[in-house]
Amino acid sequence: MIELMSGTWPWYVAGPIIGIFVPLLLLVGNRMLGISSNFRHICAIVAPGRNAFLTYDWKRSGLWNLVFVAGIFIGGLLAGTIFANPETVIGISEATRADLAQLGITNFDGLVPRELFNWRAILSPAGLLVLGVGGFLVGFGSRWAGGCTSGHAITGLADLQLASLIAVVGFFAGGLFMTFVVLPVIL
Amino acid sequence: MPPVQAVPPQTPLTDEQPIFEKSADSVGAIGENIAGLAIYLLLGIAFGLVLTKSEAVSWFRIQEMFRFQSFHMYGIIGCAFAIAAVSLQVLKRSRVRTMRGEPLRVPPKERTAGMRRYWMGGIVFGLGWALLGACPGPMFALLGSGLPIMLVPIVSAVAGTRAYAWLRPRLPH
């Protein structure tokens, strides 16, 4: 069983499992799958100031989601320990490897590039941009758009919401610009 | 398609105050009982496990997706969408209630003038997604998988959200 679970889960297994969380959360307690709201709840807890957007009862509207995210952390922990993949080099396509090698990313061991995702790297311009600015833009953009990949690309699209379709087109427009125009400059 | 209603900029958006339903068993300030929270914890564990084991949390997989060099991420998002869409439409047409006996509520996303918050915010999010190679769920899954460095993007995302809250009255929505 553990052997079967330890390799990379194929898309046709992972995709349907992820999709089932939308009806599941609805049936458990009328909750809409959406992770980025947790950054807002964290702000509401630690630094609401007098901001109207951050002064609300986070325990009632967000505690479930903070607990859900704590679960995601534990899920990652299990995936990295008892269900760890013995093959640590990621099986991405040869074309992607070649493209990334041209950008100077040559270590494919693990889920993230070790060159950028380490404590020393945050002192370098590339590391600071990827980890610091990247995180900032994700937090800023998801709240501005009212959702992230889970809230718009899965939940919102599944509910056939035009707003979510527009947001997802925006996600890709920004992502393609970053991948093909900005990353070659900063990496 | 219903006409898009013009929303004057001063109008507070509906997510100014998150709506929550009053449920029979919600306990005072906590709002969920412990058993309810335990269910969300278990669901979160399963969610984090599937995100990580499918490598949807991987910076490399996100690059592969934006470079259109593998079907993997499209397969994941496509299947998730299909399953979620079909089950949501079936549930909305049924009389099924939640575990606590409430009628199902799926509030629609708010339509704003020009839908500016969606495409503008979406582009900003997309820039960050391709740069960091992780969206919010994967940030926490990667942290758990043994990458304490993920605290940097998580704290940055909180700072980004705080900056948005501060600039909100001046941003187009």
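Chemist: Account for the overall build of chain A, naming residues and giving values.
Modeler: Broken down by element type, chain A carries eight helices and zero strands. Considering chain A as a whole, with its 187 residues, one finds that 52% of them fall into the buried category. Partitioning the contacts of chain A with sequence separation of at least 6, the portion at a separation of at least 24 is 52%.

Chemist: Pulling in residues and values, what's your account of the interface of chain B and chain A?
Modeler: Taken together, the contact pairs 112 residues of chain B with 115 residues of chain A. Every element with two or more residues in the side of chain B that touches chain A is listed here: helix H1 (34-53), helix H2 (59-66), helix H3 (72-93), helix H4 (116-132), helix H5 (136-144) and helix H6 (151-167) of chain B. Among the residues forming the side of chain B that touches chain A, the class breakdown is 67 nonpolar, 28 polar and 17 charged.

Chemist: Run through the confidence of the model for chain B, naming residues and quoting values.
Modeler: All names here are of chain B. Here chain B averages 87 in pLDDT, and 82% of its residues register 70 or above. Here residues 6-11 is a poorly scored stretch, pLDDT under 50, and it has three contacts once near neighbours within four places are set aside; other chains count. Counting interchain partners and residues more than four positions distant, the pLDDT-below-50 stretch residues 19-30 has 16 contacts. This prediction of the complex comes with two scores: 0.91 for pTM and 0.97 for ipTM.

Chemist: Can you tell me about the environment of Ile 77 of chain B, naming the residues and giving the values?
Modeler: Residues and elements named next belong to chain B. One can find Ile 77 in helix H3. Here Ile 77 falls in the buried class, since 21 other C-beta atoms lie within 10 Å of it. A sequence separation of 84 residues divides Ile 77 from Thr 161, and the C-alpha atoms of the two residues are 25 Å apart.

Chemist: Tell me what's going on with the nonpolar core, and back it up with residues and numbers.
Modeler: Counting 102 residues, the largest nonpolar core has Val 22 and Ile 154 of chain A together with Leu 142 of chain B as its most contacted members. Those residues in contact with Ile 154 of chain A that sit more than four places away from it in its chain are Ile 18, Gly 19, Val 22, Leu 33 and Thr 149 of chain A together with Ala 80, Phe 81 and Ala 84 of chain B.

Chemist: Help me get a handle on the packing of helix H4 (residues 58-80) of chain A against H1 of chain B, residues and values and all.
Modeler: With their axes 6 Å apart at the nearest point, H4 of chain A and H1 of chain B run at an angle of 45° to one another. One element, H4 of chain A, and the other, H1 of chain B, form an angle in the oblique class. Helix-helix and strand crossings are classified by hand; for H4 of chain A and H1 of chain B the assignment is right-handed.

Chemist: Could you give an account of the packing of helix H7 (residues 149-158) of chain A against H3 of chain B, naming the residues involved and the relevant values?
Modeler: Running from N to C, H7 of chain A and H3 of chain B cross one another at 35°; their axes reach a closest spacing of 8 Å. Here H7 of chain A and H3 of chain B pass one another in a crossing that is right-handed. Here Ala 153, Ile 154, Thr 155, Leu 157 and Ala 158 of chain A of H7 of chain A lie close against H3 of chain B, whose contacting residues are Ile 77, Ala 80, Phe 81, Ala 84, Ala 85 and Leu 88 of chain B. Per-class residue counts for the contact of H7 of chain A with H3 of chain B are 10 nonpolar, one polar and no charged.

Cut-off values and rules
- Residues numbered from 1 in each chain as written.
- Chains lettered and ligands numbered in written order.
- Predicted model: local features only at pLDDT ≥ 70, side-chain atom pairs only at ≥ 80, totals over all residues.
- Helix = DSSP H or I, 4+ residues; strand = E, 2+ residues; numbered from the N terminus.
- Buried ≥ 20, exposed ≤ 12 C-beta atoms within 10 Å, placed from the backbone.
- Contact = placed C-beta atoms within 7 Å.
- Nonpolar A, V, L, I, M, F, W, Y, C, P; charged D, E, K, R; others polar.
- pLDDT = per-residue confidence, 0-100.
- Core = buried A, V, L, I, M, F, W, Y, C linked by C-beta atoms within 7 Å.
- Axes fitted to C-alpha atoms, helices over the stretch in contact; angles between N-to-C directions.
- Parallel < 35°, antiparallel > 145°, perpendicular 65-115°, else oblique.
- Left-handed = near helix turned anticlockwise from the far one by under 90°.

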